[in-house]
Amino acid sequence: ILLRSSQDISVDANIQATLGDMGLIAARNVNQQANLTAGRDVFVDAGGNHVMAGGTQIVSREDILINAGGNITLGLLESPDLVALAAGGDILDGNGALTNLRTNGLRRTAGGTIGQIATDLDLEVGTVAAEAKTGMFLRELAVGGQLIVGHVLETAVEINVADVEFRSTTQATLANRTLAAMDD
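Calculation rules
- Residues numbered from 1 in each chain as written.
- Predicted model: local features only at pLDDT ≥ 70, side-chain atom pairs only at ≥ 80, totals over all residues.
- Heavy atoms only, no water.
- Helix = DSSP H or I, 4+ residues; strand = E, 2+ residues; numbered from the N terminus.
- Rg over C-alpha atoms; globule rule 2.2 N^0.38 Å.
- Buried < 20%, exposed > 50% of the residue type's maximum accessible area, 1.4 Å probe, protein only.
- Core = buried A, V, L, I, M, F, W, Y, C linked by side-chain atoms within 4.5 Å.
- Contact = heavy atoms within 4.5 Å.
- Pairing = 2+ DSSP bridges.
- Salt bridge = Lys/Arg side-chain N within 4 Å of Asp/Glu carboxyl O.

Draft legend 1. Expanded view of the overall build of the chain. For the chain, the helix and strand inventory stands at zero helices and 22 strands. In summary, the chain has a C-alpha radius of gyration of 16 Å against a globular reference of 16 Å for 184 residues, a match within 12%. For the chain, the C-alpha atoms occupy an extent of roughly 55 × 25 × 25 Å along the three principal directions. Taking all 184 residues of the chain together, 47% fall into the buried category.

Written as structure tokens, this is what we have:
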């Protein structure tokens, strides 16, 4: 599934790609009020903010990559492999005391802060590598086990879809995003 908008994308109902990848590309904001579930990779690319309402989830059986020119506000991101986040602004907790990130490897960069003093990001993560300009507030939950600060592999997500044309013909479309490996 590949959704593109020259404006905002508002996810008001659950979207599921049982066996495939999912990509959302918005020139402005992605406002997520419902869950995204994919059998493979998921990426979200927002020119502005990506805002997940409290209690919403992105669940993938492979990697999750989120890139935003502004802020990223997190519900729950869950992947058995890697989660990569890059924000021009802050990476914030939109999920209260509930888990924000459940993954093996986590790579994050922010032009502002990652978490806040009163609302740190709640982790169940194996290895984390992170960089923030103005501060970082993380909390590994007991269920998450031991947190390792170290190397996280490159995250590359590629979505191949067939666009249906006006006369019922199709055209292959490729969208991909990559965030480099990171050491902390």
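Still more to cover.
Draft legend 2. Layout of the environment of Gly145. Its place among the elements puts Gly145 in the loop between strand 19 (138-140) and strand 20 (148-149). A residue is classified by how much of its surface remains accessible, and Gly145, at 42% relative accessible area, is partly exposed. The spacing of Gly145 and Leu123 is 22 residues in sequence and 9.7 Å in space, taken between C-alpha atoms.

Draft legend 3. Spotlight on the nonpolar core. Within the largest apolar cluster, 35 residues are counted, with the highest numbers of intra-cluster contacts made by Ile58, Leu74, Leu77, Leu85, Ile91 and Leu101. If sequence neighbours within four positions are ignored, Ile58 has contacts with Gln32, Leu36, Val42, Val44, His50, Met52, Ile64, Ile66, Leu76, Leu77 and Glu78. Membership of the second largest hydrophobic core comes to eight residues, among which are Leu65, Ala84, Ile159 and Ala175.

Draft legend 4. Seen up close, the pairing of strand 13 (residues 82-87). Of all the six residues making up strand 13, six are buried; the element is thus mostly covered by neighbouring parts of the structure. Covered by surrounding structure in strand 13 are Leu82, Ala84 and Ala86 together with Val83, Leu85 and Ala87, the residues of both alternating faces. Here five bridges tie strand 10 (residues 64-68) to strand 13, and the two strands are oriented parallel to one another. The partner of Asn67 across the bridge, within strand 13, is Ala86. The pairing of strand 13 with strand 15 (residues 101-110) spans six bridges and is parallel.

Draft legend 5. Just the pattern of salt bridges, in detail. Counted under the stated rule, the structure contains seven salt bridges. Among the ionic pairs, Arg139 bridges to Asp120, the shortest N-O distance being 4.0 Å. With Arg139 in strand 19 and Asp120 in the loop between strand 16 (113-114) and strand 17 (121-132), this pair connects stretches of sequence that are 19 residues apart. Assessed through its relative accessible area of 21%, Asp120 is described here as partly exposed. Across the pair Arg139 and Asp122 runs a salt bridge, and its minimum N-O distance is 2.7 Å. Here Asp122 lies in strand 17 and Arg139 lies in strand 19, a separation of 17 residues in the sequence. Of the residues examined, Arg139 reaches a relative accessible area of 35% and is grouped as partly exposed.

Draft legend 6. Representation of the environment of Leu82 within the structure. Assignment of secondary structure puts Leu82 in strand 13. Residue classification places Leu82 among the buried residues on the basis of a relative accessible area of 13%. Considered as a pair, Leu82 and Glu62 are 20 residues apart in the sequence and their alpha carbons are 7.3 Å apart.

Draft legend 7. Representation of the side chain of His50 within the structure. Tracing the backbone shows His50 in strand 8 (residues 50-52). The contact partners of His50, leaving out residues within four places of it in the chain, are Val30, Gln32, Val44, Ile58, Ile66, Ala68, Asn71, Ile72 and Thr73.

Draft legend 8. Looking closely at the environment of Ile91. Positionally, Ile91 belongs in strand 14 (residues 91-93). Classification of Ile91 by relative accessible area gives buried; the value is 0%. The contacts of Ile91, once residues within four sequence positions are left out, are Ile72, Leu74, Leu85, Arg108, Thr109, Ala110, Thr113, Ile114, Gly115 and Leu121.

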